[in-house]
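One-letter residues, chain by chain:
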Amino acid sequence: MKDMADTGLLIVFSGPSGAGKGTICEALRKNFPNVNYSISMTTRQPRVGEKDGVDYYFTSASEFETLLKKQAFLEYAKVYDHYYGTPKEHVYGLLAQGKHVLLEIDIQGAMQVRAQYPNCVCIYIVPPSLDILAKRLRERHTDTEEVICKRLHKTKEELQWISKYDYLIINNDLSQAIKEAIAIVQAEQCKVIRLQEKREKILNAY
Ligand code: 5GP
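None of these values were measured; they are calculated from a predicted model.

**Student:** Explain the UniProt feature "binding site: ATP" (unreviewed entry) in the protein to me, using residue names and the numbers behind them.
**Tutor:** With numbering matched to this structure, UniProt assigns "binding site: ATP" (unreviewed entry) to Gly-15, Pro-16, Ser-17, Gly-18, Ala-19, Gly-20, Lys-21 and Gly-22. Among the annotated residues just listed, those lining the largest pocket are Gly-15, Pro-16, Ser-17, Gly-18, Ala-19, Gly-20, Lys-21 and Gly-22. Positionally, Ala-19 belongs in the loop between β1 (10-14) and α1 (21-31). If we ignore the near neighbours within four places in the chain, the residues touching Ala-19 are Ile-125, Val-126, Pro-127, Arg-136 and Asn-171. Those residues within four positions of Lys-21 in sequence are excluded, and the remaining contacts are Phe-13, Ser-14, Gly-15, Pro-16, Glu-104 and Ile-125.

Written out as structure tokens, the structure reads:
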């Protein structure tokens, strides 16, 4: 029988801005050369320093809605009055090549991914308290007080849904949070249920 290549892991990270998702994902990319990052499309304005095609694909609402009609997204959500979505084709292409794909998306999106791709690994990252999250957001100086209040409110709502995730990382200490994320990916890579190709190989070696 011809070996079947194992698909990569679809790893979904959610959590409020300021939780450290970006830094943790970057650390995963350094630790696992096989990890790729899915670049989302959004209709929000770029923040200072953000680049089109690197941080997001920035687009208009009408272009986004056209792509929605064409079912070009694995998932999408309207967050803080702006659309955010994960272009589908690119993600599926990488997974089929055995590469891992990281998505950094909100909970509405994570649940859509779960419905479409039940084998995904969903991780929620959160600072240890609302006060600490508020402090981190204010120290970034990237959002107005109104936006910060919206983010804090949304986080409180999202936390009700934590049980829908596979893993929770409480980011009190960044290096510990990174260790936990690495451990999760290592364990998921070893799950027998995912390893058709490796199972065949080991059976042939005995
Ligand atoms: P920000 O505007 O701070 O970059 O992101 C705001 C929120 O949108 C975050 O919770 C982030 O995880 C979420 N987000 C970013 N990209 C996507 C996406 O492609 N899909 C969904 N559903 N949420 C996203």
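So much for the structure itself; the text now carries on.
**Student:** If you had to explain the nonpolar core to someone new, which residues and values would you point to?
**Tutor:** Grouped together as the largest cluster of nonpolar side chains are 21 residues, with contacts concentrated most on Phe-13, Leu-28 and Ile-123. For this core, the elements supplying multiple residues, two or more each, are β1, α1, β8 (121-126) and α7 (174-189). With 6 residues, α7 is the single largest residue contributor to this core. The residues touching Phe-13, leaving out its near neighbours within four places in the chain, are Lys-21, Ile-24, Cys-25, Leu-28, Leu-102, Leu-103, Glu-104, Ile-105, Ile-123 and Ile-125.

**Student:** How would you summarise the packing of α1 against α7 if you had to cite specific residues and measurements?
**Tutor:** Contact geometry of α1 with α7 gives a least axis separation of 9 Å together with a crossing angle of 50 degrees. Taken together, the axis directions place α1 and α7 in an arrangement best described as oblique. Crossing geometry of α1 relative to α7 is assigned as right-handed. Along its contact with α1, which presents Thr-23, Ile-24, Ala-27, Leu-28 and Asn-31, the element α7 presents Leu-174, Ala-177, Ile-178, Ala-181, Ile-182 and Val-185. Its residues placed into classes, the contact of α1 with α7 shows 9 nonpolar, 2 polar and no charged.

The rules behind the values
- Residues numbered from 1 in each chain as written.
- Predicted model: local features only at pLDDT ≥ 70, side-chain atom pairs only at ≥ 80, totals over all residues.
- Heavy atoms only, no water.
- UniProt positions renumbered as here; feature names shortened; annotations may be inferred.
- 1 Å grid on protein atoms, 1.4 Å probe; cavity = no way out; pocket = protein on both sides within 12 Å on 5 of 7 lines; lining within 4 Å.
- Helix = DSSP H or I, 4+ residues; strand = E, 2+ residues; numbered from the N terminus.
- Contact = heavy atoms within 4.5 Å.
- Core = buried A, V, L, I, M, F, W, Y, C linked by side-chain atoms within 4.5 Å.
- Buried < 20%, exposed > 50% of the residue type's maximum accessible area, 1.4 Å probe, protein only.
- Axes fitted to C-alpha atoms, helices over the stretch in contact; angles between N-to-C directions.
- Parallel < 35°, antiparallel > 145°, perpendicular 65-115°, else oblique.
- Left-handed = near helix turned anticlockwise from the far one by under 90°.
- Nonpolar A, V, L, I, M, F, W, Y, C, P; charged D, E, K, R; others polar.

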